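Analysis of the macromolecular model
Each chain, written out:
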Amino acid sequence: MPPDAPAAGEAAPIVSCRGVVKRYRMGAIEAPALNGVDLDIAAGDFATLAGPSGSGKTTLLNMIGGLDHPTAGEVIVDGVRLGGLDKDALTDLRLRKIGFVFQAYNLIPVLSAVENVEFVLQLQGVDAAERRRRAVAALKDVGLEGFENRRPAYMSGGQQQRVAVARALVAKPAIVLADEPTANLDSKTAEDLVALMARLNHEAGVTFLIGTHDARVIARTRRHIEMTDGRITADERRAAAFA
Ligand code: ADP
Ligand code: MG
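Here we summarise the structure given alongside this text. (Residues numbered from 1 in each chain as written. Chains lettered and ligands numbered in written order. Predicted model: local features only at pLDDT ≥ 70, side-chain atom pairs only at ≥ 80, totals over all residues. Heavy atoms only, no water.)

What to know about the sheet that holds strand β8 (residues 208-211)
Inclusion rule: Only strands that DSSP links by at least two bridges are regarded as paired with each other. The numbering of helices and of strands both runs from the N terminus, where a helix is a DSSP run of H or I of at least 4 residues and a strand a run of E of at least 2. Fitted lines through C-alpha atoms serve as axes, helices being fitted only where they are in contact, and the angles separating the N-to-C directions of these axes extend from 0 to 180 degrees. Note on contacts: a residue pair is in contact if any heavy atoms of the two residues lie within 4.5 Å.
Read from one edge to the other, the open sheet built from six strands follows the order β6-β7-β8-β3-β9-β10, with strand pairing classed as mixed. Two strands lie at the open edges of the sheet, namely β6 (98-101) and β10 (231-237), each paired on one side alone. Ignoring strand direction, the axes of neighbouring strands in this sheet form an average angle of 15°. Two elements, strand β3 (residues 46-50) and strand β9 (residues 223-228), share four bridges in a ladder whose sense is parallel. Bridge pairing links Ala-47 to Arg-223 in β9. Across the face of the sheet, helix α2 (residues 87-97) comes into contact with β6 and β7 (175-179) while running at roughly 75° to β6.

Section: the nonpolar core
Note the threshold: Definition of nonpolar core: a set of buried residues of the types Ala, Val, Leu, Ile, Met, Phe, Trp, Tyr and Cys, connected through side-chain atoms within 4.5 Å. Per-residue accessibility, obtained with a 1.4 Å probe over protein chains only, is compared with the maximum for each type, and a residue is labelled buried under 20%, exposed over 50%, and partly exposed between these values.
Core analysis: the largest hydrophobic core is formed by 38 residues, its most contacted members being Val-117, Leu-139, Val-163, Val-165 and Phe-208. Residue assignment for this core shows that the elements contributing at least two residues are α3 (113-123), α4 (128-141), α5 (157-169), β7, α6 (187-204) and β8. Here this core takes seven residues from α6, the largest share from any one element. Grouped together as the second largest cluster of nonpolar side chains are 27 residues, Val-20, Leu-82, Leu-177 and Met-227 included.

Observations regarding the site of ligand 1
Defined as follows: Whether a residue is near a molecule or strand is decided by its heavy atoms; if any one of them lies within 4 Å of it, the residue is near. Nitrogen and oxygen atoms within 3.5 Å of one another constitute a polar contact, given that in protein one can donate a hydrogen and the other can accept it, and given that sequence-neighbouring residues count only through two side-chain atoms. Accessible areas in this description were obtained via Shrake-Rupley with a 1.4 Å probe; residue shielding takes into account the shown protein chains only.
Taken together, Tyr-24, Met-26, Ala-33, Pro-52, Ser-53, Gly-54, Ser-55, Gly-56, Lys-57, Thr-58 and Thr-59 are the residues near ligand 1. A distance of 2.7 Å separates an oxygen atom of ligand 1 from a polar atom in the backbone of Gly-54. Compared with its free state, where it exposes 550 Å², ligand 1 has 61% of that area covered by protein. Listing elements by their share of the shell around ligand 1, those giving two or more residues are β1 (15-26) and α1 (57-64).

Things to note about the side chain of Ser-112
Take Ser-112: it is sitting in the loop between β6 and α3. Since its relative accessible area comes to 6%, Ser-112 is described here as buried. Setting aside residues no more than four positions away along its own chain, Ser-112 makes contact with Glu-148, Asn-149, Arg-150 and Arg-151.

Brief notes about the pairing of β10
In this sheet, β10 lies alongside β9 in antiparallel orientation, the contact comprising six bridges. Within β10, the residue paired with Arg-223 across the bridge is Arg-237. Taking the residues between adjacent antiparallel strands as the criterion, β9 and β10 are bridged by two residues, where Asp-229 takes a positive phi near 45°.

Take it as geometry only, folks, not as evidence of what the structure does.
Written as structure tokens, this is what we have:
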């Protein structure tokens, strides 16, 4: 049995980071962003990755999401070592296993809400009728029934971020990675978005890792991971804080 195999009865983590180091090369100097990160995320986790600006949250989320490669160490997602994949296999894994939510929503402006959500399924080769059915259901799950044909420009920030959450969920990923998802939202809208993510975690078992320094988000999650200078400096579990 390999040394890292889970004990009997214990589920394998969805994400494992082992000694992850990232240094950005800037001309002749290398700036360290991650200094050896070991982290496991379990299925069903509702976790914040917190820490001050520059502590490495975005860099770590990018490594886990396969958007960038570590300088050293390993990232394993759902049993697959990302470093062992070629470009196409990595793209495929990203599409099937990982949902992304970004600060700036990143919706395609010329597509309607339902088309933005469907797009992910189109890339996966899901047929048109099935795509539409699943995208409409995902929009309903985030409270956007009736907004299917709106384009992003005709939706509020909170609504656009809900479309982004629906898009992240529609392919039933192993984990949703959200990077500062509330940064552009007012207080009430930010709280509603966190409540939505908490509900999706609680009712549908969606695993979330949320990079944030927003206290409103941190207060609602069940696991709190803290980064300082590219290292994990705290990792605490606590009871769900349902309102
Ligand atoms: P956070 O998301 O916690 O604010 P980041 O992961 O963005 O932190 O940044 C971690 C460190 O890496 C910072 O010192 C930042 O300046 C540096 N960094 C991030 N991205 C790059 C990049 N593309 N090139 C050079 N340095 C970078
Ligand atoms: Mg960041």
